[in-house]
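Residue-level structure breakdown
Given next are the chains, with one letter for each unit.
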Amino acid sequence: MKNFVIYARKSTESEDRQVLSIESQVDEMNDVASKLGLNVTKTYKEAQSASKLGRPKFAEMMQEVLDGKIDGILCWKLDRLARNPIDGGQVIWALKEQNLVIQTPAQLYSADKENSIMLYLEFGMAQKYTDDLSKNVKRGNMQKAKQGGWGGVAPIGYLNKLDDNTVILDPERAPLIRKVWEMILNGKSPERARNVINNELGFRTVRRKRSGGRPLSYSGMYRLLRNPFYYGWIRRRHDGELMEYQGAHEPIINKQEFWEVQRILGEPVPRPQVKEFAYTGLIRCGECGCHFTAYEVIKKSGKSYIYYRCTNKKDGIDCKQPQLSKKELEGQIVTLLEQMTIPPQFADWAIKWLRYIHEHQTDSHSAIRNSLQETYNDAQKKIDKLTDILVRELISEEEYKRRKEELLEERACIKSKLDDQELSSDSWIDRMEKTFAFAKEVNQRFASDSSPEARRTIVTSLGSNFQILDKKLTLDMEPVWSLFSEHSKQLYKDLTRVKVDETGVLKENTTATLAVVSSWQGRRGSNPE
């Protein structure tokens, strides 16, 4: 009898908050094993992100696979196993070379199932979800900054107001921070000002669970002095460019005082960029590592030409890279887009098939949501009970404030996971539809919209680590786009053998058609219709 193991994972390392959702996965897969008559010999539980390498339980399990002690893995979804291309590649290699099988509630993956396309796709989508999550956080922070809000831990001298997610002055520390600026404006050095507030005025940072309660550090001092937040502005980096927005918080100093301190520190005032170029700040030189910049040349005829070149700002490096025109650069970008474009008929069919898979996972998502909701309700009850304890004078007001802050943080964390669960469950198909829509229309969208912002958005979504060496553009392409690029030609070839209408429905069920569709979905002779 083959030996199967269960692998269950959640992204946080906080066991108390995530044990219920992990146990829900284990219960689900035990039910699957019971229905299929599989022999489960061990269960691996891991509370760690799969977007980065170094998960000990995953490494232990894969070593047992290589040693021939494990024949199959039961997991709730493939993204429980891997959300990075290296771990995903290790699983795929074991599938092909070690005859490993992977069973989820919706599907069996094995070498003889010929479902490598769907396996690659799901691992690629897991990686893209991780990347999108990071981008969404940055986009959310940027949108909040545009509205005058601050995303993240408040700077020194301010406090996060948890009930409405705003930032307020710290009544204990704000006056001391104001004192720092005054001392420097009156001729004291930053180091002398730091010594005064730390040693003479007793400044200590906000104490948190695992940090804080310490004097102002050297690096913290200079971050403070260079941060426009203190005169009422919020600085964020967006697509390689520093942007500043008017904040809604109360400033500690005024604008003139800030820039006078910058002058004292020798900091230059940034100059605004007059013309917007699509790819500045995005691409680095493959020889010296500096950014590529752009400039415009207007001929006597009135025609405008844009060129990109290395800034060559590193001392001691005489970079010899030639410039290239915008036309040359975008010609290479178009080639990349053409390679990853997929047939509309396949995109429509794939969405139809993925909806079929998604429908069979609804119950599992509901169980996880219910567990998180119960945990959230328990946290709220603790907060309500804490107020009652204070009224009965069973704890001090100081202890009440400390414990309430901890409970509010816990409740906010659980609420975030509830929101994330909604995103990963209810919006999963929406993200898939957007991915396929992008892949089938991206070349046309790039050609039809020539605005720098639109073209930069398209190129940025392709991947990261853009470089130019000897006038050739390279990048680390997102795994899902690499997958489409790898299989695009074969998909167009497959569509000469099958007939799919504009909604993704097969027009006929011939032997050739079913063979092609079986290779797409990983199930011989099956059809979600």
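Bear in mind that the values here come from a model prediction, so they are computed numbers and not experimental data. (Residues numbered from 1 in each chain as written. Predicted model: local features only at pLDDT ≥ 70, side-chain atom pairs only at ≥ 80, totals over all residues. Heavy atoms only, no water.)

Our focus in this paragraph is the packing of helix H6 (residues 190–200) against helix H7 (residues 218–225). Direction vectors running N to C along H6 and H7 enclose 110°, while the axes themselves pass 11 Å from each other. Taken together, the axes of H6 and H7 lie roughly perpendicular to each other. Seen from above, H6 lies across H7 with right-handed handedness. Residues Pro190, Glu191, Ala193 and Arg194 of H6 form the contact with H7, whose own contacting residues are Tyr218, Met221, Tyr222 and Leu225. In the contact of H6 with H7, the residues fall into 6 nonpolar, no polar and 2 charged. (Axes fitted to C-alpha atoms, helices over the stretch in contact; angles between N-to-C directions. Helix = DSSP H or I, 4+ residues; strand = E, 2+ residues; numbered from the N terminus. Parallel < 35°, antiparallel > 145°, perpendicular 65-115°, else oblique. Left-handed = near helix turned anticlockwise from the far one by under 90°. Contact = heavy atoms within 4.5 Å. Nonpolar A, V, L, I, M, F, W, Y, C, P; charged D, E, K, R; others polar.)

What follows covers the pairing of strand S7 (residues 166–169). Taken together, the 4 bridges between strand S6 (residues 158–161) and S7 define a ladder with antiparallel strand orientation. For Tyr158, the partnering residue across the bridge sits in S7 and is Leu169. In this antiparallel pair of consecutive strands, S6 and S7, the connection spans 4 residues, and Asn165 shows a positive phi of 55°. (Pairing = 2+ DSSP bridges.)

This brings us to the environment of Cys319. Take Cys319: it is sitting in the loop between strand S12 (304–310) and strand S13 (324–325). What Cys319 contacts, discounting residues up to four positions off in sequence, is Cys285, Glu287, Cys288, Cys310 and Asn312.

Let us look at the environment of Val91. Its place among the elements puts Val91 in helix H3 (residues 85–97). Once the C-alpha coordinates of Val91 and Val65 are considered, the two residues, 26 residues apart in sequence, prove to be 9.6 Å apart.

The next thing to look at is the nonpolar core. Of all hydrophobic cores here, the largest spans 47 residues; its most connected members are Tyr279, Ile283, Tyr308, Leu329 and Phe436. Ala154, Phe203, Leu216 and Phe229 belong to the second largest nonpolar core, which has 27 residues in total. (Core = buried A, V, L, I, M, F, W, Y, C linked by side-chain atoms within 4.5 Å. Buried < 20%, exposed > 50% of the residue type's maximum accessible area, 1.4 Å probe, protein only.)

The next thing to look at is unusual backbone geometry. Positive phi, close to 60°, is recorded for Asn99, a residue that is not glycine. Examined against the element boundaries, Asn99 turns out to sit in the loop between H3 and strand S4 (101–103). The class for Asn99 is exposed, based on a relative accessible area of 55%.

The next point concerns the confidence of the model for the chain. Across the chain, the average pLDDT comes to 80, with 77% of residues at 70 or higher. The weakest mean pLDDT in the chain belongs to helix H16 (residues 511–521) at 56; the strongest belongs to strand S3 (residues 72–74) at 95. With pLDDT under 50 throughout, residues 523–529 is counted as low confidence; its partners more than four residues away or in other chains account for 19 contacts. (pLDDT = per-residue confidence, 0-100.)

We now examine the sheet that holds strand S2 (residues 39–47). In a beta sheet, neighbouring strands are held together by backbone hydrogen bonds and run either parallel or antiparallel to one another. Pairing within the open sheet is mixed, and its 5 strands lie in the order S2-S1-S3-S4-S5. Strand pairing shows two members of the sheet lacking a second neighbour, S2 and strand S5 (108–109), which therefore form its edges. In the sheet, S3 pairs with S4 via 3 bridges, with the strands oriented parallel. Bridged to Leu74 within S4 is Gln103. The sheet contacts of helix H2 (residues 56–66) involve strand S1 (3–10), S2 and S3, and relative to S2 the element is tilted by about 150°.

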